[in-house]
Each structure stands twice: as C-alpha cells, then as structure tokens.
Amino acid sequence: LCYIRNNTTLIKNKVQRNIPKKRSGTQYYDKAMTSFFDACIQSIQTFIDLDKIKVFIIASPGFTKENFYKYLCEQATSKGVVNFNQNRTKFVIVGASNAYKQALNEVLSDPTIQNKLKDTASTRQVKLLEEFYKTLKNNTDKVTFGPKQVKEANEQKAIKVLMITDTLFRAKNLKKRKEFINLVESVQANGGEYVLFSSQHFSGERLDEISGIAALLRFPLNLDYLDDEEEQPTKEDEQKEDSDQELSLIHI
C-alpha cells in the first residue's frame, strides 16, 4: 500500500498471504483470497483517508485488481467501509506486471492515471523519465546522462530539460554541490529548464540509478568520446597502479 505525494513515495503497509493454487480446490482458494482482500481493506481503512486523496489506484497482474474492487464494493455496501461510497469515483483500476514498488512507474505512465493526475509534479517527472528512456532507445544522441556528459552538453548549449535529483545537492563534498548549483543556473541562463527530482520519490530513485542527472537535448549530440577518455588511463593512474602493486607485495 503506497502513498504517493509530489516529492515522496511512502510504503504505508504490506499485506502478504499464501494463496493456494485453484487446482487445490476452489474452496481453499476462495477462502484465502477473501482473507487477503479483507486484510487489504483493513489496511486502507487504517492508513488512508479517502477524503484527502486525489486518486486511489488499484493495480495488479491478471484479474486480481477487478476482483478486489468488486469485493470492496460489496463490503462497502454490506459493512459500510468508511467514506467509500462518497469517494468511489476516485478509484481507478490499472494493469501492472507485478505488485511491487518497481511497477509504480509503469502504473503512473498509464494514460488514464496521467489524465487524473495531470496537474501534479510527480506526473511531470514520470513523463520526463518516460520520454528520456524512449528517446534513449530510439535516438540516443538526443539525450545524455552522467555529470561529465551533461556538463559538456551544457557547454554546447544543447540542454532543453535538465533532470537532477536532490541527492546531488546533498553531496558531502561542498565543491561538488556548488558545481551542480552552478550547472543548474547555467542551464537556465542558456534558456533550458531544470526539474528537481526527490530521492524519496520512486522517480528520483530511478534517476539516481543512472547517476542522478540526465538531460533531454535540443539537438543531437554525440558525446561517446567522453566515455573513451574515461577508459584511457593517464600516466598518473599507471604510476598509482604500479605503486599499489608494490604496496600489495610489501603487505604479502
């Protein structure tokens, strides 16, 4: 059970049950699913105030989501689930490849959900990441990621949208923090836009996986030569390696 704000993604509760296969007998299967659905409803009533949220998304593989929503409606009528009927229109059913946190980006990329959340910052971040990965697959030179590559793209005034996580602004190295602050200011001065991602939000976590900084570019830019430069050791590196080997031998 996740609670998604503009800048944070909170896991409020986890409900897990062992569900037997239907071939074991529909009686055992139905009883286990009912127990699971009851626990989910109890979790919703405990942790979520339906009056204060904008959308409640039910997502799962297969037909579990539809079956749960049907059961929820039945229980709301017979047992009076708190504030369900007056908030029924907030519920949206969406398919997902799994029921884990990793599927959140997939779920929020659904057009139905994006339309419901079109005015929220989190949806903008999801859309930008989706555009980034789609472009990375189809037109690699129109995007870039990594501090060195993004800085070079900015030098060439190629950045349309800079995506950066707050992790980089919290770096222990003061010099590094100033570098990223200056980069953001420079991108804006060059007519680009920057979007700050929270590392507490699942979209920020995903951006952190690729260094915490990426950019959509105005025009194609091949920066592969920067990778080649990083792979070539300098004389200083070679000397350090020789020194490390000598130290290792001394230790032995």
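Residues numbered from 1 in each chain as written. Predicted model: local features only at pLDDT ≥ 70, side-chain atom pairs only at ≥ 80, totals over all residues. Heavy atoms only, no water.

What about the overall build of the chain?
In step 1: Scanning the chain from terminus to terminus reveals eleven helices and eight strands.
In step 2: Sequence-distant contacts, at least 24 apart, represent 72% of the contacts inside the chain between residues at least 6 apart.
In step 3: Carbon together with sulfur atoms contributes 49% to the accessible area of the chain, which is approximately 15,700 Å² in total. (Helix = DSSP H or I, 4+ residues; strand = E, 2+ residues; numbered from the N terminus. Contact = heavy atoms within 4.5 Å. Areas by Shrake-Rupley, 256 points an atom, 1.4 Å probe, with all protein chains shown as cover.)

Thoughts on the pattern of salt bridges
In step 1: Scanning the model with the defined rule gives five salt bridges in all.
In step 2: For Arg124, the salt bridge identified is with Glu193, shortest N-O distance 2.9 Å. With a gap of 69 residues between them, Arg124 in helix H5 (residues 121–138) and Glu193 in strand S7 (residues 193–197) connect regions that are remote in the sequence.
In step 3: On the basis of relative accessible area, Arg124 is assigned to the partly exposed category, the value being 36%.
In step 4: Look at Glu193 and you get partly exposed, because its relative accessible area is 33%. (Salt bridge = Lys/Arg side-chain N within 4 Å of Asp/Glu carboxyl O. Buried < 20%, exposed > 50% of the residue type's maximum accessible area, 1.4 Å probe, protein only.)

Some points on the nonpolar core
In step 1: Judged by nonpolar contacts, the single largest core of 20 residues is most densely connected at Leu50, Phe56, Phe68, Leu72, Phe84 and Phe91.
In step 2: Going through the elements one at a time, helix H1 (26–47), strand S3 (56–60) and helix H2 (64–79) are the ones with two or more residues in this core.
In step 3: Setting aside residues no more than four positions away along its own chain, Leu72 makes contact with Ile41, Val81, Phe84 and Phe91.
In step 4: Ile159, Leu183, Ala215 and Leu223 belong to the second largest nonpolar core, which has 17 residues in total. (Core = buried A, V, L, I, M, F, W, Y, C linked by side-chain atoms within 4.5 Å.)

Regarding the pairing of strand S8 (residues 213–217)
In step 1: Buried residues dominate S8, accounting for five of its five residues.
In step 2: On S8, burial covers both faces: Ile213, Ala215 and Leu217 on one face and Ala214 and Leu216 on the other are all buried.
In step 3: Sheet analysis places strand S5 (residues 143–145) next to S8, joined by three bridges and oriented antiparallel. Its bridge partner lying in S8, Phe145 is registered against Ala214.
In step 4: The pairing of strand S6 (residues 159–165) with S8 spans five bridges and is antiparallel. Directly across from Leu162, in S8, lies its bridge partner Ala215. (Pairing = 2+ DSSP bridges.)

Thoughts on the packing of helix H6 (residues 147–155) against helix H8 (residues 174–189)
In step 1: In contact at an axis separation of 10 Å, H6 and H8 are set at 35 degrees when each is read in the N-to-C sense. Regarding H6 and H8, the two cross each other, and that crossing is left-handed. Taken together, the residues of H8 that come into contact with H6 (itself represented by Pro147, Val150, Lys151 and Asn154) are Glu179, Phe180, Leu183, Ser186 and Val187.
In step 2: In the contact of H6 with H8, the residues fall into five nonpolar, two polar and two charged. (Axes fitted to C-alpha atoms, helices over the stretch in contact; angles between N-to-C directions. Left-handed = near helix turned anticlockwise from the far one by under 90°. Nonpolar A, V, L, I, M, F, W, Y, C, P; charged D, E, K, R; others polar.)

Brief notes about H2
In step 1: The terminal C-alpha atoms of H2, which comprises 16 residues, lie 21 Å apart, in line with the 22 Å expected from a rise of 1.5 Å per residue.
In step 2: Every buried residue of H2 is accounted for by Lys65, Phe68, Tyr69, Tyr71, Leu72, Cys73, Gln75 and Ala76.
In step 3: Buried residues belonging to H2 abut H1, S3 and strand S4 (91–95).
In step 4: Residue Gly80 follows H2 closely and has a positive phi angle near 70 degrees. (Expected span 1.5 Å × (residues − 1).)

Side note on the pairing of S3
In regular strands, side chains alternate between the two faces of the sheet.
In step 1: A one-sided burial pattern is seen for S3, the buried positions being Phe56, Ile58 and Ser60 and the unburied ones Ile57 and Ala59.
In step 2: Across five bridges, S3 lies against S4 in parallel orientation. Note that in S4 the partner of Ala59 across the bridge is Val94.

Details of the sheet that holds S7
In step 1: In space, the four strands of this open sheet follow the order S5-S8-S6-S7, with mixed pairing throughout. Lying at the two open borders of the sheet, with one neighbouring strand each, are S5 and S7. Averaged over neighbouring strand pairs, the angle between their axes works out to 15 degrees when direction is ignored.
In step 2: The strands that H8 touches are S6, S7 and S8; relative to S6, the one it contacts most, it runs at about 155 degrees.

Some thoughts on the confidence of the model for the chain
In step 1: Of all residues in the chain, 87% have pLDDT values of 70 or greater, and the mean over the chain is 84.
In step 2: Looking at the elements of the chain, mean pLDDT is at its lowest for helix H11 (residues 235–251), recorded as 43, and at its highest for S8, recorded as 97.
In step 3: Contacts of residues 240–252 to residues separated by more than four positions or lying in other chains number zero contacts, the stretch itself having pLDDT below 50. (pLDDT = per-residue confidence, 0-100.)

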